[in-house]
Amino acid sequence: MNSSGNVMEAIRSGQNALYLLDQRHLPDRADYLTCRSEEDVADAIRTLAVRGAPAIGIAGAYGLWLESLRLRDMPDFEYQVHQSAQRLERSRPTAVNLSWALGKALKAINGLSAEASILALKAFADKLLAADIQTNRTLGDWGLSLFPEAVSVLTHCNTGSLATGGYGTALGVIRSLFREHKLREVFVDETRPLLQGARLTAWELQQEDTPARLIADSMAAAVMAKGWINAVIVGADRIALNGDTANKIGTYSLAILAQYHHIPFYIAAPLSTFDSNALSGADIPVEERDPEEIRRINGQTISPTRFPAYNPAFDVTPGAMISAFITEQGIIKPPYEQVLAHIKESRDDM
Ligand code: MRU
């Protein structure tokens, strides 16, 4: 295990390149994808070679740095860098961390020369990566305060070191529980259509010998009905000021199931995932992906060719169904509106 608490780093920068652990190939192959331009990074984000809200924010910041290297001799350097940020931002629409990170990066180079901007963009991306690991460790430890006794939890998608700078958000809380001997077992939803739970979360948990079992998404209700789940802990891609939360498709169904079974439902997310411009879930753009992802599992066709399919990558869970948010600044409990409006200020200061 390395210093960031990861089994393998998902994001690593080099002299003139960004290296991304290519999550499309996990768990079969752990190889690194080399990115040398904004286009390389945008493509990696679009195709989910790098994924997870905090991770795509960090990758986006490095993408802007890589592009600034290529643009260094352009007379309209500043304009071109802004254009590049806009293109990167469009690579995936739902996770607000991407536009948040790019906005911060542009602010960091305001009024600087090309050479100074290049240095500042690299320094910003490095800082964002290091700060994210620390944020997740703090957030993970805040999560402990919710669980006085050992628990079995259910999680969805991948929110671990692969989805962040390191340690993870929801999986960070689970890591902290395991470290403190407060974790009985983790139930891992497979997370159709792209299997982030089965491929990525299971891979991370296995490397650390965390007690865990994989289930198909359709089994969550049955497992809850057996009384095996004490809490659901998931991450977020964008949180509106009333607490409505966009996360991986299937999260909303889990919240409904948890409510029916009287199981607390927690969202673990850094402040960078709160969107101060979104009043409610209606303001959150939900990405729709290629229907082909529904017609296939791991590249294998499972339905008639071109059979119509619908493929939203995220859903929005109403704030009213969320028991609490676990953030690096502590636990936020309902009613959310006032607290989240207050958080808006701290987030904008970062
Ligand atoms: O489509 P993905 O794999 O990028 O979706 C990721 C999720 O929905 C995660 O739960 C979210 O980004 C939080 S990651 C700490």
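Cut-offs and rules
- Residues numbered from 1 in each chain as written.
- Predicted model: local features only at pLDDT ≥ 70, side-chain atom pairs only at ≥ 80, totals over all residues.
- Heavy atoms only, no water.
- Helix = DSSP H or I, 4+ residues; strand = E, 2+ residues; numbered from the N terminus.
- Buried < 20%, exposed > 50% of the residue type's maximum accessible area, 1.4 Å probe, protein only.
- Contact = heavy atoms within 4.5 Å.
- Areas by Shrake-Rupley, 256 points an atom, 1.4 Å probe, with all protein chains shown as cover.
- Pairing = 2+ DSSP bridges.
- Axes fitted to C-alpha atoms, helices over the stretch in contact; angles between N-to-C directions.
- Near = heavy atom within 4 Å.
- Polar contact = N/O pair within 3.5 Å; in protein donor to acceptor, adjacent residues only side chain to side chain.
- Nonpolar A, V, L, I, M, F, W, Y, C, P; charged D, E, K, R; others polar.
- Domains from an automatic or database assignment.
- Salt bridge = Lys/Arg side-chain N within 4 Å of Asp/Glu carboxyl O.
- Buried area = accessible area lost by both parts, 1.4 Å probe.
- Core = buried A, V, L, I, M, F, W, Y, C linked by side-chain atoms within 4.5 Å.
- Phe/Tyr/Trp six-rings, centres within 6.5 Å; stacked < 30°, edge-to-face > 60°.
- Lys NZ or Arg CZ within 6 Å of the ring centre and 35° of its normal.

Peer 1: Any chance you could explain the overall build of the chain here in plain terms?
Peer 2: A tally of helices and strands in the chain yields eleven helices and 15 strands. C-alpha atoms of the chain, sized along the principal axes, occupy 65 × 50 × 40 Å. Classification of the 350 residues of the chain by burial places 57% in the buried group. At a minimum sequence separation of 6, the contacts of the chain that also span at least 24 residues come to 75%. When the accessible surface of the chain is split by element, carbon and sulfur atoms take 52% of a total near 14,800 Å².

Peer 1: What should I look at first to understand the sheet that holds strand β8 (residues 238-239) in this one?
Peer 2: Hydrogen bonds along the backbone pair up the strands of a sheet, which may run parallel or antiparallel. Strands sit in the order β8-β9-β13 across an open sheet of three strands; the sheet is antiparallel. Of all the strands in the sheet, the pair left with one neighbour each is β8 and β13 (314-317). In terms of strand pairing, β8 meets strand β9 (residues 245-248) through two bridges, oriented antiparallel. Across the sheet, residue Ile239 finds its bridge partner in β9, namely Thr245. Across the sheet, helix α9 (residues 251-260) touches β9 and β13, and the angle it forms with β13 is around 35°.

Peer 1: Teacher, can you tell me more about the site of the ligand here?
Peer 2: Close contacts around the ligand come from 17 residues, with Arg51, Arg92, Asp237, Asn247 and Lys248 the closest. Arg51 is positioned with one of its side-chain polar atoms (N or O) 2.5 Å from an oxygen atom of the ligand. When the ligand is considered free in solution it has 410 Å² of accessible area, and contact with the protein chains removes 99% of it. Mapped onto the shell around the ligand, the elements with two or more residues apiece are α2 (53-71) and β9. Partitioned by chemical class, the residues of the shell around the ligand number six nonpolar, seven polar and four charged. In this structure, the shell around the ligand is formed jointly by two domains, domain 1 (11-135) and domain 2 (137-348), each of which donates at least three residues.

Peer 1: Quick question: what am I supposed to make of the pattern of salt bridges here?
Peer 2: A side chain of one charge can pair with a side chain of the opposite charge if their charged atoms are brought near each other. Applying the stated criterion across every chain, the model contains 19 salt bridges. Glu185 serves as the salt-bridge partner of Arg213, at 2.6 Å between the closest nitrogen and oxygen. Here Glu185 lies in strand β5 (residues 183-189) and Arg213 lies in strand β6 (residues 212-215), a separation of 28 residues in the sequence. The partly exposed category is assigned to Arg213, whose relative accessible area is 40%. When the shortest N-O distance is used, the salt bridge between Glu292 and Arg296 registers 2.8 Å. Shared partners join several salt bridges into a network, and the residues in it are Arg92, Glu287, Arg289 and Glu293.

Peer 1: For this particular structure, what's the right way to read the domain arrangement of the chain?
Peer 2: The extent of an interface is frequently quoted as the accessible surface area lost upon association of the parts. Segmenting the chain into domains produces domain 1 (11-135) and domain 2 (137-348). The straight-line distance from the C-alpha centre of domain 1 to that of domain 2 is 24 Å. Tallying the contact residues gives 28 residues for domain 1 and 35 residues for domain 2. Summed over both sides, the interface between domain 1 and domain 2 buries roughly 2,600 Å², with carbon and sulfur atoms accounting for 52% of that surface. Between domain 1 and domain 2 we count one salt bridge in total. In this structure, Arg92 and Glu287 form a salt bridge, with 2.9 Å as the shortest nitrogen-oxygen distance.

Peer 1: Help me out: how do you make sense of the nonpolar core in this one?
Peer 2: Across soluble globular proteins, you tend to see nonpolar side chains buried next to one another. Formed by 48 residues in total, the largest nonpolar core has its most connected members in Ile11, Leu18, Val41, Tyr62 and Leu64. Contributing elements (two or more residues each) for this core: β2 (18-21), α1 (38-46), α2, α3 (77-89), α4 (96-108), α5 (114-144) and α7 (196-207). With twelve residues, α2 is the single largest residue contributor to this core. Domain assignment of the residues forming this core places at least three in each of domain 1 (11-135) and domain 2 (137-348). Beyond its immediate stretch of four places on either side in the chain, Tyr62 contacts Ile11, Ser13, Leu18, Lys122, Ala125, Asp126 and Leu129. Counting residues in hydrophobic clusters, the runner-up holds 28 residues, among them Val223, Leu241, Ala258 and Ile343.

Peer 1: It is not clear to me how the packing of aromatic side chains should be interpreted in this structure. Could you clarify?
Peer 2: Aromatic rings considered in pairs are described by the distance between their centres and by the relative angle of their planes. In the structure shown here, the tally under the stated rule is five aromatic pairs. For the ring pair Phe325 and Tyr336, a centre distance of 4.8 Å and an interplane angle of 75° mean the geometry is edge-to-face. On the criterion of sequence distance, the pair formed by Phe325 in strand β14 (residues 324-327) and Tyr336 in the loop between β15 (330-332) and α11 (337-349) is long-range, its members being eleven residues apart. Note on Tyr336: relative accessible area 4%, which makes it buried. Here the aromatic residues Phe274, Phe325 and Tyr336 are joined through ring pairs into a cluster of three or more. The ring of Tyr32 carries the charged tip of Arg12 above its face, separated from the ring centre by 4.4 Å. The cationic tip of Lys248 hangs over the ring face of Phe314; the distance from NZ or CZ to the ring centre is 4.4 Å.

Peer 1: Got a minute to help me understand the sheet that holds strand β7 (residues 231-234) in this structure?
Peer 2: Ordered by their spatial adjacency, seven strands build an open sheet running β6-β5-β4-β7-β10-β14-β15, and the pairing between neighbours is mixed. The open sheet has two edge strands with one neighbour each: β6 and β15. The average angle at which neighbouring strand axes cross in this sheet is 25°, direction not considered. Sheet topology note: the β7/strand β10 (residues 265-268) ladder contains three bridges and is parallel. Looking at the pairing, Ile233 lines up with Tyr266 of β10. With respect to the sheet, α9 is in contact with β4 (151-155), β5, β7 and β10, its orientation differing from that of β10 by roughly 145°.

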